[in-house]
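# Survey of secondary and tertiary structure
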Amino acid sequence: MLEKDCLFCKIIEGKIPSSKVYEDDKMLVFKDIEPKAKIHLLAIAKDHFKLLSNMDEKQAETLKYVLVKIPEIAAQNGCKNGYRLVINQGEDAGQTVFHLHIHILGGQTLPW
Ligand code: AMP
Ligand code: ZN
């Protein structure tokens, strides 16, 4: 299910443009508009939920599917020596878009 007022749902629907690097019926990966590393991608499920704490069983299955796909997509997009995954959860983490997303950061040595 998509949410009318969600930025990432609008990207899924094509109402807002994005630089897509991978798409199938369950997920989408696109370039972050303000990259925080040489490679910065965002992986999302095509099913809107805000937080891990809101996730139902079906969404958990889809998240597993997304996680299994990520290594191949990261490699295809230039992450040769590893990468970092980040899932911000809520205000203290600085989450700004409330459609669960996985940041894929790489292409350089990342500061901790
Ligand atoms: P978070 O702070 O974890 O909620 O991450 C949201 C991310 O979405 C940030 O890194 C933003 O730069 C990114 N972002 C916001 N709007 C867009 C957009 N239209 N296309 C691609 N990335 C976006
Ligand atoms: Zn959404």
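Summary of the structure given here.

Cut-offs used in this document
- Residues numbered from 1 in each chain as written.
- Chains lettered and ligands numbered in written order.
- Predicted model: local features only at pLDDT ≥ 70, side-chain atom pairs only at ≥ 80, totals over all residues.
- Heavy atoms only, no water.
- Donors = N, O, S within 2.8 Å, 3.2 Å for Na, K, Ca; no water.
- Tetrahedral: all angles 85-135°; square planar, octahedral: opposite > 155°, others 65-115°.
- Helix = DSSP H or I, 4+ residues; strand = E, 2+ residues; numbered from the N terminus.
- Buried < 20%, exposed > 50% of the residue type's maximum accessible area, 1.4 Å probe, protein only.
- Near = heavy atom within 4 Å.
- Polar contact = N/O pair within 3.5 Å; in protein donor to acceptor, adjacent residues only side chain to side chain.
- Areas by Shrake-Rupley, 256 points an atom, 1.4 Å probe, with all protein chains shown as cover.
- Nonpolar A, V, L, I, M, F, W, Y, C, P; charged D, E, K, R; others polar.
- Core = buried A, V, L, I, M, F, W, Y, C linked by side-chain atoms within 4.5 Å.
- Patch = residues over 30% accessible without salt bridge, like charges linked within 9 Å, V, L, I, M, F, W, Y side chains within 5 Å.
- Salt bridge = Lys/Arg side-chain N within 4 Å of Asp/Glu carboxyl O.
- Phe/Tyr/Trp six-rings, centres within 6.5 Å; stacked < 30°, edge-to-face > 60°.
- Lys NZ or Arg CZ within 6 Å of the ring centre and 35° of its normal.
- Contact = heavy atoms within 4.5 Å.

### Regarding the coordination of the zinc ion (ligand 2)
Here the zinc ion (ligand 2) is held by Cys-6 (SG), Cys-9 (SG), His-48 (ND1) and His-99 (ND1), and the distances to it run 2.0 to 2.3 Å. Angles of 106 to 116° at the metal separate the four donor atoms of the zinc ion (ligand 2), which places the site in the tetrahedral class. Between consecutive donors of the zinc ion (ligand 2), the numbers of intervening residues give the motif C-x2-C-x38-H-x50-H. Of this pair, Cys-9 sits in helix α1 (residues 7–13) while His-48 is found in the loop between β3 (39–45) and α2 (57–76), placing the two residues 39 residues apart along the sequence. A relative accessible area of 12% places His-48 in the buried class.

### Observations regarding the site of ligand 1
Near ligand 1 lie 17 residues; those nearest to it are Asp-32, Asn-88, Thr-96, His-101 and His-103. The backbone of Ile-33 places a nitrogen or oxygen atom 3.2 Å from a nitrogen atom of ligand 1. Within the backbone of Gly-94, one N or O atom sits 3.2 Å away from an oxygen atom of ligand 1. Coverage of ligand 1 by the protein chains reaches 87% of its 500 Å² of free accessible surface. Residue assignment for the shell around ligand 1 shows that the elements contributing at least two residues are α1, β2 (27–31) and β5 (101–106). If one sorts the elements of the shell around ligand 1 by residue count, α1 sits on top with three residues. Residue composition of the shell around ligand 1, grouped by class: seven nonpolar, six polar and four charged.

### Points about the nonpolar core
Ranked by internal contacts, the top residues of the largest apolar core, which has 17 residues, are Met-27, Val-29, Ala-43, Val-66, Ile-70, Ile-102 and Ile-104. Secondary-structure elements contributing two or more residues to this core are β2, β3, α2 and β5. When residues of this core are assigned to their parent elements, the largest contribution, five residues, is made by α2. Formed by 10 residues, the second largest nonpolar core is a distinct cluster that contains Cys-6, Cys-9, Ile-11 and Phe-30.

### Side note on a nonpolar patch on the surface
Together, Leu-67, Tyr-83 and Leu-85 line one region of the surface with nonpolar side chains, adding up to about 240 Å² of accessible area. For Leu-67, the position within the fold is in helix α2.

### Quick notes on the packing of aromatic side chains
In the structure shown here, the tally under the stated rule is one aromatic pair. The lysine or arginine in question, Lys-26, covers the ring of Tyr-65, its NZ or CZ lying 4.6 Å from the ring centre.

### Focus on the environment of Ile-102
Looking at where Ile-102 falls in the secondary structure, it is placed in strand β5. On the basis of relative accessibility, which here comes to 1%, the residue Ile-102 falls in the buried class. Through-space distance from the C-alpha of Ile-102 to that of Ala-43 is 5.1 Å; in sequence the pair is 59 residues apart. Ile-102 has contacts with Leu-41, Leu-42, Ala-43, Leu-63, Val-66, Leu-67, Ile-70, Leu-85, Val-86 and Ile-87, leaving out every residue within four places of it along the chain.

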